[in-house]
Amino acid sequence: MVEPSEAGTPPTERPRRKWGALGFLRTLGPGLVTGAADDDPSGIATYSQVGAQFGYGLAWTMLFSFPLMTVIQAVSARIGRVTGYGIAQNLRRHYNPWLLRSVVLLLLVANVINLGADLGAMGAALGLLIGGPPLVYTVLFGIVCILLETFMSYDRYAAVLKWTTLSLFAYVAVVFSVHVPWGEALFSTLVPQFVLDGPHAMAMVAVLGTTISPYLFFWQAGQEVEEQHRRHVKPLCITPRDAGPELSRIRLDTITGMGFSNLIALSIILATAATLNANGVTDIQTSAQAAEALRPVAGEFSFALFSAGIIGTGMLAVPVLAGSAAYAVSETFRWTEGLNRRPREAKAFYATIAVATLGGVALNLLGFDPIKALYWSAVVNGVLAAPLMAVMMVIGMNPRIMGRLTLSRPALVGGWLATCVMAIVTLGFFVLS
């Protein structure tokens, strides 16, 4: 990867103030896509199970997790924009190599397992919609995602990812297509209710483990670096005078993306609570199973919307999972990396995307249990999340890395709080498993 340097770099492009809805949408990018990718088919399965098992009782967890995921994603984006490097490259440059290798290995394992679960869910959803062999659809989805990520220009691909987020509104539509007792639903969303027993604690662990995922840290930091190259601007550590508008953009983008993510997750909980839980269906293991269970109790329209949403969010999440793995591996081995590069310029980077995606496809062809896939993905993410968050906070506090743009006091307090909560959640996962 090219080192940040003032030599040969075009003049810094200052963000222009944009007015109106269209201008607002243009300011969104890495944060919006990252938030939407968080609602992948694996996440849909988790939220569906929470709604089916507990009704509206845990809807409040979406408000609780929102500030935690927002602050830690903003930290990852800030690291990328200020330093001009992704998370893995900052680890390589400033910390012990064993830490980098351990983090990247765990991330790669978790992402491939998650890719397998997501691709399998997409194939199963399309099979439910049109019939036919789900495994064939799974293979086709994997190939299409590789081709799009490899051969489409970065500008066009980034736009495609941004517009693909609209597919998640299918879940908002599902909420309004079924009968929801809004008084009860809003009360449960705004007023925390928690029963101190194993099932509720395990559900809480599952929700937070799903919303705060390590691959999202690598992706958003990497995308900030990509945007920097696309706009021909320097890292903020070199041009700190541009920090005000740029950090404001990151903050707005991240808040919007994480808010969108949690709105969709809340919609899934409410929809499954109003349909599945209300009709005695309380055990959901996969997103496709949730869609199939909706058919007899909510009708064909809701079933079709739910299934289409699985495919849409999968098309968004699979490239993010594979891309975050490619950023991490490429930065570890100092390979040329970036979606803004042509395939012949970054062969190893795109090869990593293909291998990770095909690895997920292979898990399905080998008959890997999707429920076990979700479990082991959660285990590996749980091992990785809290320590990685702590490392990111240390990077963000280090003036040798961040220059004058170290984390503000609110970001420090919020980031360390999110890290502590995630550590407690991880311990809870292992105690309750």
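Residues numbered from 1 in each chain as written. Predicted model: local features only at pLDDT ≥ 70, side-chain atom pairs only at ≥ 80, totals over all residues. Heavy atoms only, no water.

## A short note on the overall build of the protein
Here is step 1: The helix and strand inventory of the protein stands at 19 helices and zero strands.
Here is step 2: The dimensions of the protein, computed from C-alpha atoms along their principal axes, are 65 × 45 × 45 Å.
Here is step 3: The buried share among the 433 residues of the protein stands at 58%.
Here is step 4: Within the protein, counting contacts between residues at least 6 apart in sequence, those at least 24 apart form 83% of the total.
Here is step 5: Treating the 28 positive side-chain charges of the protein as one cloud and the 24 negative ones as another, the clouds have centres 13 Å apart. (Helix = DSSP H or I, 4+ residues; strand = E, 2+ residues; numbered from the N terminus. Buried < 20%, exposed > 50% of the residue type's maximum accessible area, 1.4 Å probe, protein only. Contact = heavy atoms within 4.5 Å. Lys, Arg positive; Asp, Glu negative; His and termini not counted. Charge placed at Lys NZ, Arg CZ, Asp CG, Glu CD.)

## Concerning empty space enclosed by the protein
Here is step 1: In this structure the tally under the stated criterion is two cavities of 30 Å³ or more.
Here is step 2: For the second largest cavity, the calculated volume is near 30 Å³.
Here is step 3: Taken together, Gly116, Ala117, Leu363, Asn364, Phe368, Pro370 and Ala373 make up the full set of residues lining the second largest cavity.
Here is step 4: Only helix H6 (97-130), helix H16 (347-365) and helix H17 (370-397) provide two or more residues apiece to the lining of the second largest cavity. (1 Å grid on protein atoms, 1.4 Å probe; cavity = no way out; pocket = protein on both sides within 12 Å on 5 of 7 lines; lining within 4 Å. Points joined across faces, edges and corners; volume = space filled by probe spheres on them.)

## Describing the nonpolar core
One broad trend across soluble globular proteins is that nonpolar side chains are buried collectively.
Here is step 1: Grouped together as the largest cluster of nonpolar side chains are 128 residues, with contacts concentrated most on Phe306 and Leu339.
Here is step 2: Contacts of Phe306, omitting those with residues within four sequence positions, involve Ile44, Ser48, Tyr171, Val174, Ile268, Thr272, Ser287, Ala290, Ala291 and Leu294. (Core = buried A, V, L, I, M, F, W, Y, C linked by side-chain atoms within 4.5 Å.)

## Here we look at unusual backbone geometry
Here is step 1: Residues other than glycine seldom take positive phi values, yet His232 does so here, at roughly 55 degrees.
Here is step 2: Here His232 is to be found in the loop between helix H12 (214-230) and helix H13 (243-275).
Here is step 3: In this structure, Arg334 is a non-glycine residue whose phi angle is positive, near 60 degrees.
Here is step 4: Residue placement: Arg334 occurs in the loop between helix H15 (300-333) and H16.
Here is step 5: Of the residues examined, Arg334 reaches a relative accessible area of 61% and is grouped as exposed.

## Comments concerning a nonpolar patch on the surface
Here is step 1: A cluster of nonpolar side chains, contributed by Leu63, Phe176, Trp182, Leu186, Phe187, Leu190 and Val191, occupies part of the molecular surface with about 730 Å² of accessible area.
Here is step 2: Counting residues per element, the nonpolar patch draws most heavily on helix H10 (residues 182-190), which supplies four residues.
Here is step 3: Residue placement: Val191 occurs in the loop between H10 and helix H11 (198-211).
Here is step 4: On the basis of relative accessible area, Val191 is assigned to the partly exposed category, the value being 33%. (Patch = residues over 30% accessible without salt bridge, like charges linked within 9 Å, V, L, I, M, F, W, Y side chains within 5 Å. Areas by Shrake-Rupley, 256 points an atom, 1.4 Å probe, with all protein chains shown as cover. Salt bridge = Lys/Arg side-chain N within 4 Å of Asp/Glu carboxyl O.)

## Some points on the packing of aromatic side chains
Here is step 1: All told, the structure shown has nine aromatic pairs when counted by the stated rule.
Here is step 2: On the basis of an interplanar angle of 50 degrees and a centroid distance of 5.4 Å, the ring pair of Tyr327 and Phe349 is categorised as tilted. Here Tyr327 is found in helix H15, whereas its partner Phe349 is found in helix H16, with 22 residues between them in sequence. In terms of burial, Tyr327 and Phe349 fall into one category: buried.
Here is step 3: An aromatic cluster of at least three residues, connected via ring pairs, comprises Trp219, Tyr327, Phe349 and Tyr350.
Here is step 4: The lysine or arginine in question, Arg295, covers the ring of Phe303, its NZ or CZ lying 3.8 Å from the ring centre. (Phe/Tyr/Trp six-rings, centres within 6.5 Å; stacked < 30°, edge-to-face > 60°. Lys NZ or Arg CZ within 6 Å of the ring centre and 35° of its normal.)

## Examining the confidence of the model for the protein
Here is step 1: The share of residues in the protein with pLDDT of 70 or more is 94%, and the mean pLDDT across the chain is 88.
Here is step 2: This stretch, residues 1-19, has a pLDDT under 50; its non-local contacts, to residues over four places away or in other chains, come to 38 contacts. (pLDDT = per-residue confidence, 0-100.)

## Some details on the layout of surface pockets
Here is step 1: Estimates place the volume of the second largest pocket at around 800 Å³.
Here is step 2: Around the second largest pocket, the lining is made up of 35 residues, and of these Thr46, Ala206, Leu374, Ala378 and Phe429 lie nearest the centre.
Here is step 3: Breaking the lining of the second largest pocket down by element, the ones donating at least two residues are helix H3 (41-54), H11, H17 and helix H19 (409-432).
Here is step 4: Here the lining of the second largest pocket gets eight residues from one element, more than from any other, and that element is H3.
Here is step 5: A breakdown of the residues in the lining of the second largest pocket according to their chemical character gives 18 nonpolar, 14 polar and three charged. (Nonpolar A, V, L, I, M, F, W, Y, C, P; charged D, E, K, R; others polar.)

## Brief notes about helix H9 (residues 169-177)
Here is step 1: Buried within H9 are the following residues: Ala170, Tyr171, Val172, Val174 and Val175.
Here is step 2: Its buried side turned inward, H9 meets H3, H10, H13 and H15.

## Focus: the environment of Ala328
Here is step 1: With respect to the helices and strands, Ala328 occurs in helix H15.
Here is step 2: Using a relative accessible area of 0% as the deciding quantity, one classes Ala328 as buried.
Here is step 3: With 24 residues separating them in the primary sequence, Ala328 and Thr352 have C-alpha atoms 9.9 Å apart.
Here is step 4: Setting aside chain neighbours within four positions, we find Ala328 in contact with Ala88, Val104, Leu107 and Phe218.

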